[in-house]
Every structure is written in structure tokens, then in C-alpha cells.
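Chain residues, written in single-letter form:
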Amino acid sequence: MRTLSKYFTSSLTSEERESLFNSLGLAELEYEFVECAGNAILSRCKPGIKKEVFLEPALLSELLAQPQQYPRVFFRHPPGHLSIEAPCPSFWNQIFPFPFCMLRFLNTEVLEVSPASFHDQLCGLRDAFLALEMKMAESEANVLSVKGLNLVLVFHFVRRKLIRVGVHPGLSPLPEEPKALGEIFGTKVGLFCLHGAVPFPQMKDAITEMIAHSLLITPQNRFREIGL
Amino acid sequence: MKFDYLDEAPSQWGECLAKIRQAGHACIELTVLWGAHEQTRGIRDFTKSSRLRLEKLFKEVQQKGLSLELTLGFPPHNETFPSWLMGEKRQALVPLSLKEGRPQGALLTWIPFLSEENFQEGFLGFLSDVFTFVDLYRFPQGPIKRVLFDFAVYEANVNHFEDADFGRALEERYLSIDRLNANYQTLFKNFQSVASKQGFKVLCDKRPWLAAYDYKWVRNRLLSQFRECIARLERTQAVLDLVEMGGNGNTGTYAGGVIADTTLVERIGNAVLPLAIGGYVTSASIRACRLLEFLHHYAGITSPAPSVQAVLCGRYLSRKDFDSLMETLKTGVELHFPFGLPQYDEHLSCYEWHAARKEAQGLKRMISDKWGKSAIWISDPALQEDDSFFHKLENVRSYLMARH
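Bear in mind the structure is a predicted one, so any value in this text is a computation, not a measurement.

Looking at the pairing of strand β9 (residues 152–158) of chain A
Each regular strand carries side chains that alternate between the two faces of the sheet.
All names here are of chain A.
Here comes step 1: In terms of burial, β9 is largely enclosed, as 7 of its 7 residues are buried.
Here comes step 2: Residues of β9 alternate between two faces, with Val152, Val154, His156 and Val158 on one and Leu153, Phe155 and Phe157 on the opposite face, all of them buried.
Here comes step 3: The pairing of strand β8 (residues 141–146) with β9 spans 5 bridges and is antiparallel. Bridge pairing links Ala141 to His156 in β9.
Here comes step 4: Pairing of β9 with strand β10 (residues 161–167), which is carried by 6 bridges, proceeds in the antiparallel orientation. Within the sheet, the bridge partner assigned to Val158 lies in β10 and is Lys161.
Here comes step 5: Once β9 ends, the chain turns through 2 residues before running back antiparallel as β10, passing Arg159 with a positive phi of about 50°.

Structure follows, in C-alpha cells:
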């Protein structure tokens, strides 16, 4: 089946992405996001619970001449052109709000992070989420529960490719007996539980631990899976 | 109140609608997506899959005493486009944030192109089928009161050259290539050579505002033709009184209290992005974008019934917007041009202005019998986009707030 229609999950709203982001503790992360085309700054903001927008300066060279208060993430369009992204749902982009979702371009020529230590930390986090995605790809449906977040996320994969991320109203709160998930979805389900916000440097380890403790649930009633 | 039937189990539709009714809503907004109903090319499903049974849904809506407003077209959603269209050769290039319905910076992405033969055939067929249901369930016999179209994503397509009619539409505007060459100081041999990414890059480098105006003019014209195509469908005729095609007004005012020329930008809700024709972005459009970002940031500059309005434009302003300003002047409003007065329209004809009289505080005042007690004020000297641009703009804001 191409879509997650049989599970009837609603797509993530912007508010839900923000909630997830906050629940993971990532909103505490202080950095400046600068989007520029050549030497012209297109937008500049300091993310956080209340995003702060900077209007000055107008030129990147002027900004670089200023002392750096926070780590900076530069998204650089080629001079005179805006970058084009092929339509393909990416795990990182699906679950994180702007501008954090732009970190999906980490380690590509369009994204630059300074200082190097912050870059390394972000790479560590990105690798942890990549490992999570690979683990999730082993099951058609995956459920992610985050302590403190009043939502349960459902990730739908087909042939190891992420198709959709949504919320399932019937799964909040999670059933006490994990086996019930197999019956709800009628297919193999990966269950991942994250125990709330952790400081950013420890986030990578928390996700690695979550993957290690994840459960794979196989439905008992296999007839349901094939629609009989 | 929006209701996404694709995200709800069909067995829950009745319960959800009852809750909406109990909450005091009388009307629900429903988006019917082509991509969901035609997952296989040529096979449109409105009855087989339980989640796609439109008739059942319309009956449920009526039973709950609700009325219905349908949206068709291309709103941001996973199932807006059928997947079988994704491999087509010609593609539209649009802001990713508009396609996804959430901020994504100034990134662009590809979507199916609406002038593609398979696209038109499929979408018009889908509309014919939907309009059959609309006719059956139209108010007062049924719940459907209105049908709206969402073409916003195509109103921001920066790759409309893919349309074979682009050159022809540009010719309609200029009539002869010599006129276009005269306006741009170029040496194009025909309109087909202009109607390309490279051709428009040359125009953008020569006169960014005029190139942006011309591109949007042609784009709007071709989209209007597509709307007319829909209106001519046999099935549309039966429900034409319910259908609102929507319009595209990419040039024009920005917000109440401040009138800003938006020719050089794409407006997406409250956000603005630089217009990037064929992906190519000029410094003029980046400046215009940041100027509007400033306006959005300082929303306090606006006022519901301001007696003084700021007009933010460069040397060019469309004749339509200029006429609109002159009408505004007749209502007793004073217009302040911090960047100076516009000099040319889209045909490069000059605007005529009366001599301005110097006043105190670095301002010039201009009056006319036609404007009654209204006047035009010009900063003297006009603001320049130099290093202290934002600082000066802040002064304009303070000045306007004081005048209010």
C-alpha cells in the first residue's frame, strides 16, 4: 500500500513539530541561522521559543566582521541563484521545524557551521537520527513516544523508504501492552521510547540507547495484515 | 472549520462531524485532492476505497446539518499530486515553503507542470468527476455551498518558460520584439529566444523590476487561460455559480497602512521570498524582500485607518498601482514616499509630477487641485539603500507613527 491510509494518521502540524522539538530539549540550543545568496543576507534569526529576527546587517561580509556571540549556521545559496531541493521526504525535515530542519544539509557545500566543535556535535546528532531512521526502516510502521510530549508519532516506511510521518490519535497514551500495537496496525511495528529532554551534548547517546532498547512487535493475527 | 477526511477513519467521519456541529460550527471546509483520488493514471477512485467515498461523506455532512465549502487545486499536502506525474519531463519550479505549507527558507523545489498534456488531461478529468458530485449535492438539496480553487503554488512558479505559450503571451504584451528590445536595450531576434531561463536572465540583469513585472504578467495570463479551460468544462457549467477560481494579484499593496510594491518578491502568506525567475535571483529582489521583512517585523507601522501612508517603491511602479494611489489621495490620505517618487510605468512611460515645495525636517511637499486637502510628501534627500539603510528606515517608521 502506497500511503499510510490504513492507519489514518494526521500529518504533523507546525505546532506538533515545535512541541517535539521542545520536548527533546533542542529549543534550548543557542545558535544563529543565516541564509544568504552570495554576499547578500536573505534572512537571519536566532531560533528559540521566541524566534528573534535580525534586520541588520544586510551583507554577509559585514556580519562576518562582527564578533560571533553564538554558534552560526550558514545556509549558502550559490551567488545569484536559489538552491533547489528535489522533492523527497527526508526524515530530519519531516520531524523538525525551521530553521533546525535545514540542518538536513549538514556536510554538504550549502551548509556551513562554525565553530567546528558545534559542527561536530550536530554531526553526532545527525548520525544518531540516521541510525534511528535505518532501524525504523526495518518495519513498515514505527511508533515514537517521547516522555513529556502529548503525542505519539507514527513513521510509515515502504521498501525501507520513509513515506510519511504523522500522529495517531488512538495511540495517545500508548497501550500498556506493546503487543496491542501489532494488532492496531496489523503489521510489524517498531516501538521507540525516549525518556524526555536531555542536554544537547547527551542527545546522541540518548537516541543510541533508545534504538538499543526498541521493540519489534509482530502481530499475532496475520490475516489482518493481508486484509482478510 | 477544516475537516481532513483523508486523515480520519471513514467509520469516524460521523462522530467527527457531530463534534464539529456540537462545537457550534455550521460550515466545514473540505479539500478534495487529485493525488489521493487518482493514484493510478486514468483510474479515479471515489467509491472503491472507503476513505475516498465522497458521496458517503457528503451525505454524512448533510445529515449532521452542516454546509460544505470544497477546495480543489493544489494546496500543500502529501497527496496533492498523483505520484505517476512525478517523472514527467517538464516541471514547475516553486518555493519549497509553499509546496510544504511551512517555512523552508528560500529553497525551491520541482512539482509537476500544469501545461503538461498528461497533467491537463488528468486534472480536468478529475474535476469533471468531482463536479458531477458537486452538482448532485449542491445547496439546497445537498450541503455544498461553494467550491474554491487553490492555485497558490503555481502563482509562484518561477519556471513558467516551460509553457509553449510563454513566448506568445509575451508577444501579446509587447506586440513587436523591437519594442521589447527598446525597453531593455537588448538585441533579441524573437520572443521565443526571450522566453527561456537564459533570455530572462539577460532581462533581469538589464532591468530587474521590468523583467519581474513582465514575467509575472505572462505567468498570470497563462494561469488565467488554465482557469478559463476549467470554466469551459461541460461539468463546470452546471456548477459555475458555486465556483470561485480565485485570482492572482502579485503586484500591489502589502498591508493596510503601508503600500509597498511587491513586484520583485513572491508573497507567501505573511512571508516574502525574493522572486527568482528560473532560479536566478537579483540583488534588487533580495533588497525588496528584506524591506518587506522589515515591514512585517515592525507590524506596528500599520494602522487600521491611517491618515498618513508610506509608499515604498523604487523608480518603477505599475500603472495600475499608480492609479490606485491617485484614488487613495482623493480620500484625504497623505502619502509619504521615503524612497522618492516613482518615475516610470511598465511601458517605461514617465509619470508626471508637480514641482515639490521644500518644508522643514528634510521633507518636500507636493499638492494638487485634484487631491483636495491631501498631499504627497517626499524625503529630502530620498532614502538610499546604503550602509545605514535600516537605521534610516527606522526613522521613517518613527516619523509615520508620530504623524498618526
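Let's pick the thread back up.
Digging into helix α12 (residues 283–297) of chain B
All names here are of chain B.
Here comes step 1: With 15 residues, α12 should reach 21 Å at 1.5 Å per residue; the first-to-last C-alpha distance of 21 Å fits that figure.
Here comes step 2: Across the 15 residues of α12, 11 count as buried, placing the element largely inside the fold.
Here comes step 3: All buried positions along α12 are accounted for by Ala284, Ser285, Ile286, Ala288, Cys289, Arg290, Leu291, Leu292, Glu293, Phe294 and Leu295.

Things to note about the interface of chain A and chain B
Here comes step 1: Taken together, the 41 residues of chain A in the interface contact 39 residues of chain B.
Here comes step 2: Here chain A meets chain B over a buried area of about 3,300 Å², counting both sides, of which 56% is carbon and sulfur.
Here comes step 3: For the salt bridge of Arg164 of chain A with Asp7 of chain B, the shortest nitrogen-to-oxygen distance reads 2.7 Å.
Here comes step 4: Scanning the region where chain A abuts chain B turns up 13 residue pairs in polar contact (both at pLDDT 80 or more).
Here comes step 5: Broken down by secondary-structure element, the contributors of at least two residues to the side of chain A that touches chain B are β1 (10–11), α1 (14–23), β2 (32–37), β3 (40–46), β5 (72–77), β6 (84–85) and α3 (91–95) of chain A.

Here's the deal with the layout of surface pockets
Gaps between atoms show up when a probe of the same size as a water molecule is rolled over them.
Here comes step 1: Looking at the second largest pocket, its volume works out to about 900 Å³.
Here comes step 2: For the second largest pocket, the lining is made up of 28 residues, of which Phe98 of chain A together with Pro103, Ala271, Val272 and Glu293 of chain B are closest to its centre.
Here comes step 3: Mapped onto the lining of the second largest pocket, the elements with two or more residues apiece are α1 and β3 of chain A together with β9 (271–274) and α12 of chain B.
Here comes step 4: Among the residues forming the lining of the second largest pocket, the class breakdown is 13 nonpolar, 8 polar and 7 charged.

What to know about the pattern of salt bridges
Residues and elements named next belong to chain A.
Here comes step 1: Under the criterion given, the structure shown has 27 salt bridges over all chains.
Here comes step 2: In this structure, the salt-bridge partner of Asp127 is Arg126, at a minimum N-O distance of 3.3 Å.
Here comes step 3: In the salt-bridge network here, residues are joined through shared partners; they are Glu32, Arg44 and Arg72.

Some remarks on the packing of aromatic side chains
Residue and element names in this part refer to chain B.
Here comes step 1: Under the criterion given, the structure shown has 46 aromatic pairs over all chains.
Here comes step 2: Taking 4.8 Å as the distance between ring centres and 40° as the angle between the ring planes, the aromatic pair formed by Phe74 and Phe123 counts as tilted. Of this pair, Phe74 sits in the loop between β2 (67–73) and β3 (91–95) while Phe123 sits in helix α5 (residues 117–136), placing them 49 residues apart in sequence. The pair formed by Phe74 and Phe123 is uniform in burial state, with each residue classed as buried.
Here comes step 3: Centre to centre, the rings of Phe123 and Phe226 are 6.2 Å apart; their planes meet at 20°, and the pair counts as stacked. Placement of the pair is Phe123 in helix α5 and Phe226 in helix α10 (residues 208–232), with a sequence separation of 103 residues.
Here comes step 4: Overall, the relative accessible area of 0% leaves Phe123 in the buried class.

With respect to the pairing of strand β11 (residues 189–194) of chain A
All names here are of chain A.
Here comes step 1: Across the 6 residues that make up β11, a large majority, 5, are buried.
Here comes step 2: In this structure, β11 lies alongside strand β12 (residues 215–217), joined through 3 bridges in antiparallel fashion. From the neighbouring strand, Val189 faces β12, where its bridge partner is Ile217.

Section: the sheet that holds strand β6 (residues 243–244) of chain B
Strand pairing in a sheet relies on backbone hydrogen bonds. The paired strands run either parallel or antiparallel.
Residue and element names in this part refer to chain B.
Here comes step 1: The 4 strands lie next to each other as β1-β2-β5-β6, forming an open sheet whose pairing is parallel. Only two strands of the sheet have a single partner each, and these edge strands are β1 (27–31) and β6.
Here comes step 2: By the bridge criterion, 2 bridges tie strand β5 (residues 144–150) to β6 in an arrangement that is parallel. In the strand pairing of β6, Leu148 is matched with Glu244.
Here comes step 3: Docked against the sheet, helix α3 (residues 54–63) engages β1, β2 and β5, running at close to 150° with respect to β2.

Rules of the game
Residues numbered from 1 in each chain as written. Chains lettered and ligands numbered in written order. Predicted model: local features only at pLDDT ≥ 70, side-chain atom pairs only at ≥ 80, totals over all residues. Heavy atoms only, no water. Buried < 20%, exposed > 50% of the residue type's maximum accessible area, 1.4 Å probe, protein only. Helix = DSSP H or I, 4+ residues; strand = E, 2+ residues; numbered from the N terminus. Pairing = 2+ DSSP bridges. Expected span 1.5 Å × (residues − 1). Contact = heavy atoms within 4.5 Å. Buried area = accessible area lost by both parts, 1.4 Å probe. Salt bridge = Lys/Arg side-chain N within 4 Å of Asp/Glu carboxyl O. Polar contact = N/O pair within 3.5 Å; in protein donor to acceptor, adjacent residues only side chain to side chain. 1 Å grid on protein atoms, 1.4 Å probe; cavity = no way out; pocket = protein on both sides within 12 Å on 5 of 7 lines; lining within 4 Å. Points joined across faces, edges and corners; volume = space filled by probe spheres on them. Nonpolar A, V, L, I, M, F, W, Y, C, P; charged D, E, K, R; others polar. Phe/Tyr/Trp six-rings, centres within 6.5 Å; stacked < 30°, edge-to-face > 60°. Axes fitted to C-alpha atoms, helices over the stretch in contact; angles between N-to-C directions.

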